[in-house]
Amino acid sequence: MFIEIKDLSKSYQVGLTKIDALKKLSIDFEKGKMYVILGPSGSGKTTLLNILGGIDKPDEGKVIVDGEDITNYNDRELTNYRRRKLGFIFQFYNLVNSLTVLENVLSTKYLSENGLDPKEVLEVVGMWEHRDKFPFELSGGEQQRVAIARAVVKNPSIILCDEPTGALDFENAKRVLKLLEDINKRYGTTIIIATHNTAIAKMSHKIIRLRSGELVEYQDNPSPALAEEVVW
Ligand SMILES: Nc1ncnc2c1ncn2[C@@H]1O[C@H](COP(=O)(O)OP(=O)(O)OP(=O)(O)O)[C@@H](O)[C@H]1O
Ligand SMILES: [Mg+2]
(Lines give C-alpha, C1' and ligand atoms only; values in the text may rest on other atoms or scores of the structure.)
(Ligands and ions follow the chains in the order given, each with its own letter.)
Protein backbone atom coordinates (compact mmCIF):
# COMPACT_ATOMS: atom_id res chain seq x y z
CA MET A 1 0.00 0.00 0.00
CA PHE A 2 1.30 3.45 -0.92
CA ILE A 3 -0.13 5.43 1.99
CA GLU A 4 -1.62 3.90 5.13
CA ILE A 5 -3.08 5.83 7.98
CA LYS A 6 -3.71 3.79 11.11
CA ASP A 7 -5.83 4.77 14.12
CA LEU A 8 -5.18 8.43 13.54
CA SER A 9 -6.47 10.72 16.28
CA LYS A 10 -6.16 14.46 16.59
CA SER A 11 -7.87 16.81 18.98
CA TYR A 12 -7.68 20.54 19.55
CA GLN A 13 -8.10 22.25 22.89
CA VAL A 14 -10.18 25.40 22.56
CA GLY A 15 -10.53 27.04 25.96
CA LEU A 16 -12.03 24.38 28.18
CA THR A 17 -13.41 22.36 25.33
CA LYS A 18 -11.60 19.50 23.63
CA ILE A 19 -12.56 19.03 19.98
CA ASP A 20 -11.89 15.63 18.46
CA ALA A 21 -11.08 16.46 14.84
CA LEU A 22 -10.08 12.86 13.93
CA LYS A 23 -11.11 9.77 15.86
CA LYS A 24 -9.03 6.63 15.27
CA LEU A 25 -9.21 7.00 11.53
CA SER A 26 -7.72 4.23 9.35
CA ILE A 27 -7.61 4.43 5.55
CA ASP A 28 -5.38 2.95 2.81
CA PHE A 29 -4.48 4.89 -0.33
CA GLU A 30 -3.24 3.15 -3.49
CA LYS A 31 -0.63 4.68 -5.74
CA GLY A 32 -1.80 6.50 -8.85
CA LYS A 33 -5.45 6.77 -7.87
CA MET A 34 -7.65 9.80 -7.42
CA TYR A 35 -9.40 10.10 -4.04
CA VAL A 36 -12.12 12.46 -2.96
CA ILE A 37 -12.72 13.13 0.73
CA LEU A 38 -16.26 14.34 1.33
CA GLY A 39 -17.76 15.57 4.53
CA PRO A 40 -19.56 18.52 6.06
CA SER A 41 -17.75 21.51 7.52
CA GLY A 42 -15.77 20.51 10.59
CA SER A 43 -15.67 16.78 9.71
CA GLY A 44 -11.85 16.69 9.71
CA LYS A 45 -10.93 16.95 6.02
CA THR A 46 -8.35 19.71 6.37
CA THR A 47 -6.96 18.15 9.54
CA LEU A 48 -6.44 14.89 7.65
CA LEU A 49 -4.75 16.60 4.66
CA ASN A 50 -2.49 18.59 6.96
CA ILE A 51 -1.38 15.43 8.75
CA LEU A 52 -0.84 13.60 5.44
CA GLY A 53 1.18 16.60 4.29
CA GLY A 54 3.38 16.66 7.37
CA ILE A 55 2.13 20.15 8.31
CA ASP A 56 0.38 18.92 11.45
CA LYS A 57 1.12 15.99 13.78
CA PRO A 58 -1.47 13.52 15.03
CA ASP A 59 -1.89 12.87 18.75
CA GLU A 60 -1.97 9.16 18.09
CA GLY A 61 -1.67 6.80 15.16
CA LYS A 62 0.62 6.32 12.19
CA VAL A 63 0.99 7.72 8.70
CA ILE A 64 3.01 5.33 6.57
CA VAL A 65 4.08 6.65 3.16
CA ASP A 66 6.06 4.31 0.91
CA GLY A 67 6.91 2.12 3.90
CA GLU A 68 8.06 4.95 6.19
CA ASP A 69 6.19 6.29 9.21
CA ILE A 70 6.30 10.05 8.73
CA THR A 71 4.97 10.64 12.26
CA ASN A 72 8.46 9.62 13.47
CA TYR A 73 10.18 12.17 11.23
CA ASN A 74 12.01 15.13 12.73
CA ASP A 75 11.46 18.62 11.27
CA ARG A 76 14.25 18.27 8.75
CA GLU A 77 12.95 14.92 7.49
CA LEU A 78 9.44 16.35 7.26
CA THR A 79 10.68 19.29 5.21
CA ASN A 80 12.41 16.87 2.88
CA TYR A 81 9.29 14.74 2.62
CA ARG A 82 7.18 17.77 1.69
CA ARG A 83 9.74 18.93 -0.87
CA ARG A 84 10.32 15.62 -2.59
CA LYS A 85 6.99 13.87 -2.45
CA LEU A 86 4.23 16.44 -2.11
CA GLY A 87 2.37 19.10 -3.98
CA PHE A 88 -0.28 21.18 -2.24
CA ILE A 89 -3.20 22.97 -3.85
CA PHE A 90 -5.37 25.20 -1.64
CA GLN A 91 -8.66 27.01 -2.10
CA PHE A 92 -6.99 30.40 -2.48
CA TYR A 93 -4.17 29.75 -4.95
CA ASN A 94 -1.16 30.60 -2.70
CA LEU A 95 1.05 32.18 -5.33
CA VAL A 96 3.98 34.48 -4.61
CA ASN A 97 2.62 37.90 -5.63
CA SER A 98 5.99 39.46 -6.38
CA LEU A 99 6.95 36.71 -8.86
CA THR A 100 5.73 36.18 -12.42
CA VAL A 101 3.89 33.04 -13.46
CA LEU A 102 7.09 31.43 -14.75
CA GLU A 103 9.08 32.47 -11.67
CA ASN A 104 6.37 31.05 -9.42
CA VAL A 105 6.75 27.71 -11.15
CA LEU A 106 10.56 27.82 -11.18
CA SER A 107 10.64 28.58 -7.46
CA THR A 108 9.08 25.23 -6.61
CA LYS A 109 10.76 23.25 -9.41
CA TYR A 110 14.12 23.73 -7.69
CA LEU A 111 12.83 22.15 -4.48
CA SER A 112 12.85 18.80 -6.22
CA GLU A 113 15.68 16.85 -7.84
CA ASN A 114 13.51 15.31 -10.53
CA GLY A 115 11.38 18.31 -11.42
CA LEU A 116 9.57 18.53 -14.75
CA ASP A 117 10.12 21.04 -17.55
CA PRO A 118 8.32 24.26 -16.49
CA LYS A 119 7.39 25.00 -20.10
CA GLU A 120 5.73 21.62 -20.52
CA VAL A 121 3.81 21.99 -17.26
CA LEU A 122 2.69 25.54 -18.02
CA GLU A 123 1.53 24.33 -21.43
CA VAL A 124 -0.44 21.49 -19.81
CA VAL A 125 -2.33 24.02 -17.65
CA GLY A 126 -2.70 26.45 -20.56
CA MET A 127 -0.66 29.24 -18.95
CA TRP A 128 2.57 29.32 -20.97
CA GLU A 129 1.49 32.37 -22.94
CA HIS A 130 0.83 34.16 -19.62
CA ARG A 131 4.26 33.26 -18.20
CA ASP A 132 5.47 36.86 -17.77
CA LYS A 133 2.35 38.10 -15.96
CA PHE A 134 2.07 38.64 -12.23
CA PRO A 135 -0.68 36.95 -10.17
CA PHE A 136 -2.70 40.20 -9.86
CA GLU A 137 -2.98 40.28 -13.66
CA LEU A 138 -4.75 36.90 -13.71
CA SER A 139 -8.30 35.74 -13.01
CA GLY A 140 -8.97 33.38 -10.10
CA GLY A 141 -9.21 30.40 -12.44
CA GLU A 142 -5.92 31.30 -14.10
CA GLN A 143 -4.24 31.73 -10.73
CA GLN A 144 -5.43 28.30 -9.67
CA ARG A 145 -4.01 26.81 -12.89
CA VAL A 146 -0.64 28.35 -12.03
CA ALA A 147 -0.95 26.97 -8.49
CA ILE A 148 -1.49 23.53 -10.02
CA ALA A 149 1.57 24.02 -12.23
CA ARG A 150 3.61 24.93 -9.14
CA ALA A 151 2.54 21.74 -7.42
CA VAL A 152 3.00 19.53 -10.50
CA VAL A 153 6.42 20.83 -11.66
CA LYS A 154 8.09 19.18 -8.67
CA ASN A 155 6.85 15.85 -10.09
CA PRO A 156 5.50 14.82 -6.68
CA SER A 157 4.05 11.37 -6.12
CA ILE A 158 1.20 12.87 -4.08
CA ILE A 159 -0.89 15.98 -4.66
CA LEU A 160 -3.11 17.12 -1.79
CA CYS A 161 -5.94 19.51 -2.70
CA ASP A 162 -8.06 21.33 -0.12
CA GLU A 163 -11.24 22.68 -1.76
CA PRO A 164 -9.32 23.40 -4.98
CA THR A 165 -12.45 24.62 -6.76
CA GLY A 166 -14.07 26.32 -3.76
CA ALA A 167 -13.37 29.86 -4.95
CA LEU A 168 -14.08 29.25 -8.65
CA ASP A 169 -17.14 29.50 -10.87
CA PHE A 170 -18.44 26.38 -12.60
CA GLU A 171 -16.44 26.73 -15.83
CA ASN A 172 -13.14 27.39 -14.07
CA ALA A 173 -13.81 24.67 -11.53
CA LYS A 174 -14.34 22.17 -14.38
CA ARG A 175 -11.10 23.25 -15.98
CA VAL A 176 -9.22 22.72 -12.74
CA LEU A 177 -10.79 19.28 -12.29
CA LYS A 178 -9.93 18.35 -15.87
CA LEU A 179 -6.31 19.31 -15.17
CA LEU A 180 -6.16 17.20 -12.03
CA GLU A 181 -7.59 14.30 -14.02
CA ASP A 182 -5.00 14.83 -16.81
CA ILE A 183 -2.16 15.00 -14.29
CA ASN A 184 -3.32 11.82 -12.57
CA LYS A 185 -3.34 10.02 -15.93
CA ARG A 186 -0.22 11.56 -17.42
CA TYR A 187 2.14 11.37 -14.43
CA GLY A 188 0.44 8.66 -12.32
CA THR A 189 0.23 11.09 -9.40
CA THR A 190 -1.87 10.04 -6.41
CA ILE A 191 -4.35 12.86 -5.95
CA ILE A 192 -6.35 13.44 -2.78
CA ILE A 193 -9.05 16.11 -2.96
CA ALA A 194 -11.00 17.35 0.06
CA THR A 195 -14.29 19.01 -0.84
CA HIS A 196 -17.92 19.65 0.11
CA ASN A 197 -18.92 19.18 -3.50
CA THR A 198 -20.43 15.72 -3.93
CA ALA A 199 -20.46 16.08 -7.74
CA ILE A 200 -16.64 16.02 -7.80
CA ALA A 201 -16.69 12.58 -6.22
CA LYS A 202 -18.05 11.08 -9.46
CA MET A 203 -14.70 11.55 -11.17
CA SER A 204 -12.58 9.93 -8.46
CA HIS A 205 -11.56 6.27 -8.15
CA LYS A 206 -12.33 6.16 -4.44
CA ILE A 207 -14.73 8.14 -2.29
CA ILE A 208 -14.12 8.64 1.42
CA ARG A 209 -16.87 10.13 3.56
CA LEU A 210 -16.03 11.64 6.93
CA ARG A 211 -18.37 12.79 9.64
CA SER A 212 -17.17 14.18 12.99
CA GLY A 213 -13.67 12.84 12.40
CA GLU A 214 -14.82 9.31 11.59
CA LEU A 215 -14.99 7.30 8.40
CA VAL A 216 -18.65 6.75 7.55
CA GLU A 217 -18.25 5.34 4.04
CA TYR A 218 -15.52 4.09 1.73
CA GLN A 219 -16.69 3.60 -1.81
CA ASP A 220 -14.96 2.18 -4.88
CA ASN A 221 -15.86 3.89 -8.13
CA PRO A 222 -14.85 1.43 -10.87
CA SER A 223 -15.77 3.75 -13.74
CA PRO A 224 -15.00 7.35 -12.81
CA ALA A 225 -16.74 10.03 -14.86
CA LEU A 226 -14.64 12.38 -16.97
CA ALA A 227 -14.27 15.86 -15.53
CA GLU A 228 -16.15 17.28 -18.51
CA GLU A 229 -19.18 15.08 -17.74
CA VAL A 230 -19.47 16.27 -14.15
CA VAL A 231 -22.21 18.82 -13.47
CA TRP A 232 -23.49 20.56 -10.35
N1 LIG B 1 -6.22 24.91 14.75
C2 LIG B 1 -7.38 24.53 15.29
N3 LIG B 1 -7.70 24.89 16.54
C4 LIG B 1 -8.86 24.49 17.10
N5 LIG B 1 -9.77 23.72 16.49
C6 LIG B 1 -9.50 23.34 15.24
C7 LIG B 1 -8.31 23.73 14.56
N8 LIG B 1 -8.32 23.19 13.32
C9 LIG B 1 -9.47 22.52 13.23
N10 LIG B 1 -10.19 22.59 14.36
C11 LIG B 1 -11.49 21.95 14.62
O12 LIG B 1 -11.39 20.58 14.25
C13 LIG B 1 -12.56 20.15 13.56
C14 LIG B 1 -12.19 19.66 12.16
O15 LIG B 1 -11.76 20.78 11.39
P16 LIG B 1 -11.30 20.69 9.87
O17 LIG B 1 -10.74 22.01 9.53
O18 LIG B 1 -10.42 19.52 9.69
O19 LIG B 1 -12.70 20.44 9.13
P20 LIG B 1 -13.04 20.44 7.58
O21 LIG B 1 -13.75 19.15 7.30
O22 LIG B 1 -11.84 20.76 6.79
O23 LIG B 1 -14.12 21.63 7.49
P24 LIG B 1 -14.38 22.67 6.26
O25 LIG B 1 -15.20 21.90 5.27
O26 LIG B 1 -15.18 23.76 6.92
O27 LIG B 1 -13.08 23.14 5.73
C28 LIG B 1 -13.52 21.32 13.58
O29 LIG B 1 -14.38 21.17 14.66
C30 LIG B 1 -12.60 22.52 13.78
O31 LIG B 1 -13.27 23.55 14.44
MG1 LIG C 1 -11.31 22.36 5.54
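Residue indices begin from 1 for each chain and proceed along its sequence in written order. Following the order in which they are written, the chains are lettered starting with A and the ligands numbered starting with 1. Selection of residues for local features in this predicted model requires a pLDDT of at least 70, selection of side-chain atom pairs for listing and counting requires 80 or more, and totals for whole chains, interfaces and linings are taken over all residues. Hydrogens and waters are ignored; side-chain quantities use all the structure's heavy atoms.

### Some points on the sheet that holds strand β8 (residues 190-195)
By way of backbone hydrogen bonds, the strands of a sheet pair with one another, either parallel or antiparallel.
Then comes step 1: The mixed open sheet is built from six strands, whose spatial order is β6-β7-β8-β3-β9-β10. If you trace the sheet from one side to the other, it starts and ends with β6 (86-89) and β10 (214-220), each paired once. Taking the axes of each pair of neighbouring strands and ignoring which way they run, one obtains an average angle of 15° across the sheet.
Then comes step 2: Here, any two strands with at least 2 DSSP bridges between them count as paired. Secondary structure elements are defined from DSSP: runs of H or I of at least 4 residues count as helices, runs of E of at least 2 residues count as strands, and each element is numbered from the N terminus. Where strand β3 (residues 34-38) lies against β8, five bridges are found, and the strand directions are parallel. Paired with Y35 across the bridge in β8 is I192.
Then comes step 3: On the sheet, helix α2 (residues 75-85) packs against β6 and β7 (158-162) and is oriented at approximately 80° with respect to β6.
Then comes step 4: Contacts are assigned to residue pairs that have any heavy atoms within 4.5 Å of one another. Axis lines are fitted through C-alpha atoms, for helices just across the contact stretch, and the angle between N-to-C directions can take any value from 0 to 180 degrees. Packed on one face of the sheet, helix α6 (residues 170-187) meets β3, β6, β7 and β8 and runs near 155° to β8.

### Here's the deal with the side chain of K174
Then comes step 1: With respect to the element layout, K174 can be found in helix α6.
Then comes step 2: A polar contact of 2.5 Å, which involves the side chain of K174, links it to the backbone oxygen of V230.
Then comes step 3: With sequence-adjacent residues up to four places away left out, K174 is seen in contact with A227, E228, E229, V230 and W232. Polar contact is defined as a pair of N or O atoms within 3.5 Å, subject to the rule that within protein one atom must be able to donate a hydrogen and the other to accept it, and that residues adjacent in sequence are counted only when both atoms are side-chain atoms.

### Observations regarding the site of ligand 1
Then comes step 1: Note on terminology: near, applied to a residue and a molecule or strand, indicates that one of the residue's heavy atoms is within 4 Å of it. Ligand 1 sits among 13 residues. The nearest are S41, G42, K45, T46 and T47.
Then comes step 2: S43 is positioned with one of its backbone polar atoms (N or O) 3.2 Å from an oxygen atom of ligand 1.
Then comes step 3: Coverage of ligand 1 by the protein chains reaches 64% of its 640 Å² of free accessible surface.
Then comes step 4: Here the shell around ligand 1 takes three residues from helix α1 (residues 45-52), the largest share from any one element. Computed by Shrake-Rupley with a 1.4 Å probe, the accessible areas treat only the displayed protein chains as cover when residues are assessed.

### Things to note about the nonpolar core
Then comes step 1: Counting 41 residues, the largest nonpolar core has L122, I148, L180 and I191 as the members making the most contacts within it.
Then comes step 2: Broken down by secondary-structure element, the contributors of at least two residues to this core are β3, α3 (101-109), α4 (118-124), α5 (140-152), β7, α6 and β8.
Then comes step 3: With sequence-adjacent residues up to four places away left out, L180 is seen in contact with M34, I89, I148, C161, P164, I191 and I193.
Then comes step 4: Here, nonpolar core means buried Ala, Val, Leu, Ile, Met, Phe, Trp, Tyr and Cys residues that are tied together by side-chain atoms lying within 4.5 Å of each other. Per-residue accessibility, obtained with a 1.4 Å probe over protein chains only, is compared with the maximum for each type, and a residue is labelled buried under 20%, exposed over 50%, and partly exposed between these values. Core analysis: the next-biggest nonpolar cluster, separate from the first, contains 27 residues, L48, L49, I51 and L160 among them.

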